[in-house]
Every structure is written in C-alpha cells, then in structure tokens.
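Remarks on the overall topology
Spelled out from the first residue to the last, the chains are:
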There are 2 protein chains.
Amino acid sequence: MGEFELIRRFFDRGPARRSPLGIGDDCALIAPREHGQIAVTSDVLVEGRHFFPDVAPFDLGHKSLAVNLSDLAAMGAEPFGFLLSVSLPGADEAWLGSFAEGLFALADRHGCELLGGDTTAGPLSIAITAFGHVPAGAALRRDGAQPGDDLWVSGEIGGPSWAVGERYAGRGAALGSGLVARLDRPEPRIALGIELRHLASAAIDLSDGLLGDLGHIVDRSRVGAEIDEAVLPVSMQLAAVSPERAIEQALSGGDDYELLFSAPPENRAAIGALGRRLNLPLTRIGRIRDGASIVVLDARGRPRARLPRSHEHFG
Amino acid sequence: MGEFELIRRFFDRGPARRSPLGIGDDCALIAPREHGQIAVTSDVLVEGRHFFPDVAPFDLGHKSLAVNLSDLAAMGAEPFGFLLSVSLPGADEAWLGSFAEGLFALADRHGCELLGGDTTAGPLSIAITAFGHVPAGAALRRDGAQPGDDLWVSGEIGGPSWAVGERYAGRGAALGSGLVARLDRPEPRIALGIELRHLASAAIDLSDGLLGDLGHIVDRSRVGAEIDEAVLPVSMQLAAVSPERAIEQALSGGDDYELLFSAPPENRAAIGALGRRLNLPLTRIGRIRDGASIVVLDARGRPRARLPRSHEHFG
C-alpha cells in the first residue's frame with residue numbers, strides 16, 4: 001500500500017466543511033472568521049518517549065490529537081481542524097484502521113476536521129498541528145495573572161503520572177480502568193477553555209506537572225504563587241498510596257491534561273456555577289502573589305521546605 | 001541542556017512581529033489579514049529517509065523549511081510564519097547552532113517568523129508547519145487546469161534527483177557545487193507563486209517528480225496532458241549522462257522544488273515577461289488535453305511507448 005492509497009483508505013473523508021479546499025492540495029486553506037484569530041499548536045509523539053511500543057493504536061490516535069486539543073483549550077480556542085503527519089515503520093492495515101478510529105472519534109466530538117498532512121516511512125511518530133478559532137483579543141494567555149487572583153485547577157490530578165510509573169514497573173495490568181482511561185484517552189477541556197475566556201486572567205494546560213506548568217504562568221506573568229496542598233484535588237485512585245506520595249504526584253506528575261488558571265476573586269461564584277454546568281470539578285487551590293517564587297503551604301499553612309521536583313522557576 | 005534552555009538559546013528570537021503573542025504560550029496566535037485566507041502545510045523530514053545521517057546541519061535547517069515554503073509557493077501564498085517540532089537524539093550545541101543558522105537565513109529572506117513548536121528527545125526528525133497569507137479565492141490549486149491550457153515549468157529539472165543517486169553510489173564528492181546547492185539548499189519559488197495568482201490556472205511544486213506531480217494536477221482537474229520531451233529544461237549538470245537517462249531523470253526524478261503550472265495561452269507573453277523579471281527560466285513544456293492520461297511526445301512528436309516510472313494516474 002503506497003502513501004496515496006494509505007491516505008485515501010484511512011484518512012480521506014471527503015471535502016472538509018470548514019476548509020475552502022479539503023485535503024489533497026499543496027497546502028490546506030483556512031478561512032478565518034471575521035474579527036477572529038487562529039490559535040495553532042503542534043505536538044509530536046515519539047515511540048518510547050511519549051508512548052509505549054505496545055500502545056493500543058486506538059488510544060494513540062486519541063491521545064495524539066488530545067494533547068493538541070488540550071493546548072487549544074488552554075487558549076480558549078474552539079478547534080476546527082488539524083494536520084496529521086505520521087512516520088510509520090510499515091503500513092499495517094489493522095493498526096492504521098484502529099488508529100484512525102481513535103483519532104476521528106475524538107476529532108468528530110469537537111468538530112475538528114483533518115485538513116491535510118503527510119505520511120512517510122520511518123520510526124513511529126505522530127506529529128499533529130491543530131487549529132482553533134478565538135475572537136481577537138480573547139485568547140487565554142500565560143502572562144495575564146495578577147497578584148490577588150485565585151488559582152484554580154479543573155478535574156483531578158496526579159493519577160495519570162502515577163499510572164505511568166506503575167506501567168514502567170510492570171504493574172500496568174493492575175491499574176483500574178478509570179485511571180487507564182484518564183492516562184490513555186485524556187479529555188481535552190475545550191468547553192471549559194471557551195467559557196473561561198471571560199473569567200480567567202491566565203491559563204495553561206497541565207502536561208508537565210502542576211509546579212512546572214505553574215512555573216510558566218509565574219514566569220510569563222512576572223508574579224509569584226501559593227498553593228494550599230490540603231485542597232489539591234488528588235486523583236481518587238491515589239487513595240492506596242501514602243498521602244505524602246499522592247501530594248508529590250499531584251504537584252509534580254505530568255500528563256494530567258487539566259486546565260490550571262488564575263482568575264480574579266470576584267469571579268468565584270461564576271466559576272463555581274460553570275463547574276456545575278460542565279459537571280467538572282473546579283477547585284480553588286491557591287492564589288497569585290507578588291514576587292517570583294512558588295510556595296506550597298501544608299495543612300497548617302506552613303511553607304514546604306522542599307518541593308518535590310526542583311525547577312528553574314522556583315525561587 | 002534542557003528543553004527550555006535549548007529553545008531559548010537557539011530558537012527564541014523575541015516577540016514575533018506577525019503574531020499577536022510570540023512563542024512560549026500553549027498555542028501561537030495568528031491574526032489573519034482582512035479578506036484573506038491562511039495557507040498551511042506540514043512536512044516531516046526523517047533521517048535516513050529524507051536526508052543522509054551526515055547531512056550538514058546548516059543545509060538541513062534550510063531544506064526543512066524550504067520544502068514547506070515550496071508548498072506555500074505552489075499555492076501562491078506569501079509566507080509569514082512557521083512552527084518547528086524537532087526530535088533530537090541529543091543536544092549538540094554546535095549542530096543546533098548551525099541548524100538554526102540555516103533555518104533562519106532562509107526564513108528571514110522570506111519574512112517568515114518562528115511562531116512556536118516543540119522539542120523532544122528521539123530519533124532525528126524535523127517537522128515544520130508553515131503558514132502563508134493568500135487573498136480569498138486567489139490560491140493556486142491543483143484542480144483548475146483546463147484543456148487547451150499551456151503547461152509550464154520553472155527553472156531546470158532532473159539534476160537534484162540524479163545527484164541523490166550519485167550520493168547513494170558513493171560518488172557524492174564528485175558532484176559540482178551548483179548541483180549540490182540545488183539539492184541541499186533548494187530555493188522555494190515564492191515570488192513566482194505570488195505572481196502566478198493571476199496568470200496560472202493550476203500549480204503544484206515538483207517534489208515527487210514531473211510525471212508524478214503532473215499526475216496530481218491531471219487527477220484533480222480531470223484532464224489529460226501532453227509533454228514535449230525535447231523542450232524539457234533538463235539540468236545542465238546532466239550533460240555528462242546519456243540524453244535518454246537525462247530525460248528520464250527530468251520526467252521521473254524528484255526533489256526539484258520548481259513549480260509546474262498550467263495557464264491559458266493568452267497569458268504566454270505575460271509569463272515570459274515574468275520569467276525575465278524574476279531572472280528565472282519559465283519553459284512551456286506541453287499542454288493540457290481532454291482525457292485522463294499523460295502522454296510524453298519525443299522530438300518527432302511520437303508518443304513514448306513506455307514512461308520512465310509507472311504511476312496509477314497514467315492511463
């Protein structure tokens with residue numbers, strides 16, 4: 001099966017509704033909305049680095065797109081399309097069919113169409129570039145956090161990174177299905193991001209871990225931050241591990257794909273109502289402060305002497 | 001050197017003029033022009049497949065972007081930005097410095113700014129997504145060729161693919177510097193593509209070889225085509241090989257990164273003047289016909305019985 005046959009069989013779904021041209025030309029064409037901007041993000045997933053060689057192709061299809069949609073969510077953008085570049089050691093039809101199924105199941109739920117891409121022979125890697133609309137000036141950036149703002153996080157955190165460790169240790173088969181789903185098929189928080197355009201002052205998605213990603217907000221906004229560890233929404237699945245280990249996982253684990261955002265205190269009630277409407281827990285975990293450092297306060301309000309993982313942003 | 005340090009040292013050149021946000025957020029933001037569309041293309045270059053492991057990093061930086069800009073040229077788009085995702089086995093500073101130098105030298109010549117991207121550890125591969133502006137409705141597509149149109153090609157063809165073969169055969173050191181430059185640092189035909197918006201009926205860039213790429217125009221436009229092999233602008237560097245071999249290379253070799261386009265006969269004079277203005281040979285190599293097949297005519301106007309490489313588009 002050659003490149004063109006492969007594209008036709010698994011990835012060509014006819015003219016894209018949101019592109020003036022569809023796939024199969026030198027470029028894809030995007031028609032922007034009036035007074036709109038285009039948010040664009042690109043992530044490459046490489047075998048052995050971002051996924052295990054025996055990953056289920058359905059899950060890989062889902063996750064390759066999900067990590068990109070999560071970036072769009074963190075900008076408050078509404079996804080509309082993506083480019084897919086795959087490097088494949090060979091053309092295994094069953095594998096490709098399942099990969100495409102996982103990919104398009106997620107894409108379709110978010111109205112996100114394949115606009116073009118590229119296939120090549122090589123070590124397995126998936127590069128996706130995803131596009132979203134955002135009204136001019138409305139994008140959620142990392143640099144808008146203000147001292148006095150609350151710090152919020154969506155969903156639960158810490159479980160997926162712990163699950164990765166369990167898999168590395170050969171205990172993956174014992175993981176619960178809920179946790180496996182969270183790790184392998186994360187749900188990008190698109191609806192939340194769009195609603196936060198008018199409520200949040202800064203946002204980022206949690207891919208590198210809470211402290212690391214908060215570091216980016218702190219750095220870009222030139223502020224400091226405090227986290228109350230007692231209120232962190234630690235994944236229920238971590239109930240079996242020690243509380244100290246669970247907190248560390250929530251602070252420094254990655255792969256959560258939840259949104260971390262800051263918002264002025266006057267928006268608390270609106271954010272609470274939003275969480276209920278979306279049926280998604282939104283937890284106020286701390287606050288933005290003057291300065292440049294991140295402090296984690298224990299249950300008695302004392303700063304932790306040592307943070308789980310050192311990070312260049314930590315003062 | 002970690003990911004962020006690597007980005008800062010080699011790829012962060014401060015706020016982008018053409019992006020409302022610059023690099024370093026979850027997404028890049030693009031502000032479209034009024035009444036404009038965005039052309040977008042993505043190509044991945046993988047070691048061993050698209051370049052030799054000992055490629056000069058300056059050339060790899062140039063070529064990774066050039067193949068994408070060539071796609072923009074073939075759409076008549078004006079480049080303004082790109083995303084860069086690199087997978088690197090390690091962070092070799094000299095290598096990265098030279099790669100960035102080659103990349104930005106080409107980018108700067110075309111006003112094309114780095115808007116964001118991604119770095120990861122893994123087998124060497126370079127994925128670039130490039131963006132260009134094009135007025136709504138003005139993009140050069142593959143599906144606009146009409147029976148009766150002339151068929152044109154820019155520059156010279158056949159040399160780069162022959163040079164690849166010489167390298168594979170261990171005779172790369174004997175290649176002339178002009179040919180090496182054409183292969184390793186191809187010049188995307190941006191200015192030509194922009195000028196052709198009002199002159200050409202269809203266009204494509206030559207990456208897979210003349211017959212293969214003409215096959216895409218023929219297929220998408222639902223037409224046939226005739227090529228006069230005697231007038232093909234075969235690379236001067238092929239003077240040393242047999243005429244038959246040179247013609248085959250021009251017909252079926254790839255890696256030319258010239259533009260192949262169709263245009264109504266009434267535009268001949270304007271296209272001739274354009275070639276002189278750009279100091280770029282534009283050669284009329286044949287015509288678009290009814291039907292669905294590609295015919296190559298020899299010097300006496302007789303159809304070649306056998307085409308150099310069979311292709312599913314050939315009837």
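Above this note sits the structure.
We now turn to the structure provided with this report. Here the structure is a predicted model, which means the values were calculated and not measured. (Residues numbered from 1 in each chain as written. Chains lettered and ligands numbered in written order. Predicted model: local features only at pLDDT ≥ 70, side-chain atom pairs only at ≥ 80, totals over all residues. Heavy atoms only, no water.)

1. Looking at empty space enclosed by the protein
As a reminder, the rule being used: A cavity here means a set of points on a 1 Å grid, drawn over the protein atoms and nothing else, where a 1.4 Å probe fits but cannot get out; a pocket is an open set with protein on both sides within 12 Å along at least five of seven lines, and a residue lines either one if it has an atom within 4 Å of a point. Grid points are joined across faces, edges and corners, and a volume is the space filled by probe spheres set on the points. Classification convention: Asp, Glu, Lys, Arg as charged; Ala, Val, Leu, Ile, Met, Phe, Trp, Tyr, Cys, Pro as nonpolar; all other residues, Gly among them, as polar.
Applying the stated criterion across every chain yields a total of four cavities of 30 Å³ or more. Lining the largest cavity are V46(A), S87(A), P123(A), S125(A), V46(B), S87(B), P123(B), L124(B) and S125(B). Split by residue class, the lining of the largest cavity holds five nonpolar, four polar and no charged.

2. Describing the interface of chain B and chain A
Going by this rule: Residues count as neighbours in contact if any of their non-hydrogen atoms are within 4.5 Å of one another. Throughout, the accessible surface (probe 1.4 Å) given up by two parts as they are put together, summed over both, is called the buried area. By convention in these notes, a salt bridge is any Lys or Arg side-chain nitrogen within 4 Å of a carboxyl oxygen on Asp or Glu. Whenever two N or O atoms come within 3.5 Å, that pair is a polar contact, provided that in protein one can donate a hydrogen and the other can accept it, and provided that, for residues adjacent in sequence, both atoms are side-chain atoms. Between any two strands, pairing holds if DSSP finds at least two bridges. Here a strand is any run of E in DSSP of at least two residues, a helix any run of H or I of at least four, and the numbering for each starts at the N terminus.
Facing 54 residues of chain B, the contacting portion of chain A comprises 54 residues. Approximately 4300 Å² of surface area, both sides summed, lies buried where chain B meets chain A, with 55% of it carried by carbon and sulfur atoms. For chain B, the biggest contributors to the area lost against chain A are D26(B), C27(B) and V40(B); these three give 15% of the whole. At the junction of chain B and chain A, the tally comes to two salt bridges. The salt bridge involving D26(B) is made with R142(A); its shortest N-O contact spans 3.3 Å. In this assembly, chain B and chain A are joined by 15 residue pairs in polar contact (both at pLDDT 80 or more). Taken together, the residues that form the side of chain B that touches chain A break down as 28 nonpolar, 13 polar and 13 charged. The pairing of strand 2 (residues 36-46) of chain A with strand 1 (residues 28-30) of chain B spans three bridges and is antiparallel.

3. Points about the side chain of D205(A)
Which entries qualify depends on this criterion: Under the scheme applied here, a residue whose accessible area is under 20% of the maximum for its type counts as buried, over 50% as exposed, and between as partly exposed, the area being computed with a 1.4 Å probe on protein chains only. Think of it this way: Lys and Arg go in the positive column, Asp and Glu in the negative one, and His and the chain ends go nowhere.
With respect to the element layout, D205(A) can be found in strand 7 (residues 202-205). Look at D205(A): it is buried, it has no salt bridge, and the nearest opposite charge is R142(A) at 5.4 Å. Of the polar contacts made by the side chain of D205(A), one reaches the side chain of S70(A); its length is 2.7 Å. Setting aside its immediate chain neighbours within four residues, D205(A) contacts S70(A), D71(A), A74(A), D213(A), Y257(A), E258(A), L259(A) and D26(B).

4. Observations regarding the nonpolar core
The condition that has to hold: In this text, buried Ala, Val, Leu, Ile, Met, Phe, Trp, Tyr and Cys residues form a nonpolar core when linked through side-chain atoms within 4.5 Å. Domain start and stop positions are those given by an automatic or database domain assignment.
Residues F11(B), F82(B) and L84(B) are the most contacted members of the largest nonpolar core, which totals 56 residues. The biggest single contributor to this core is helix 2 (residues 57-75) of chain B, with nine residues. For this core, the two domains that each supply at least three residues are domain 1 (3-135) and domain 2 (150-297) of chain B. In contact with L84(B), not counting residues within four places along its chain, are F11(B), F99(B), L103(B), L114(B), G116(B), G117(B), D118(B), I126(B), A127(B) and I128(B). A66(A), A74(A), I126(A) and A130(A) belong to the second largest nonpolar core, which has 55 residues in total.

5. Things to note about helix 5 (residues 177-184) of chain A
Among the residues of helix 5 of chain A, those classed as buried are L179(A), R182(A), L183(A) and D184(A). For helix 5 of chain A, the elements touching its buried residues are helix 2 (57-74) and helix 4 (159-168) of chain A.

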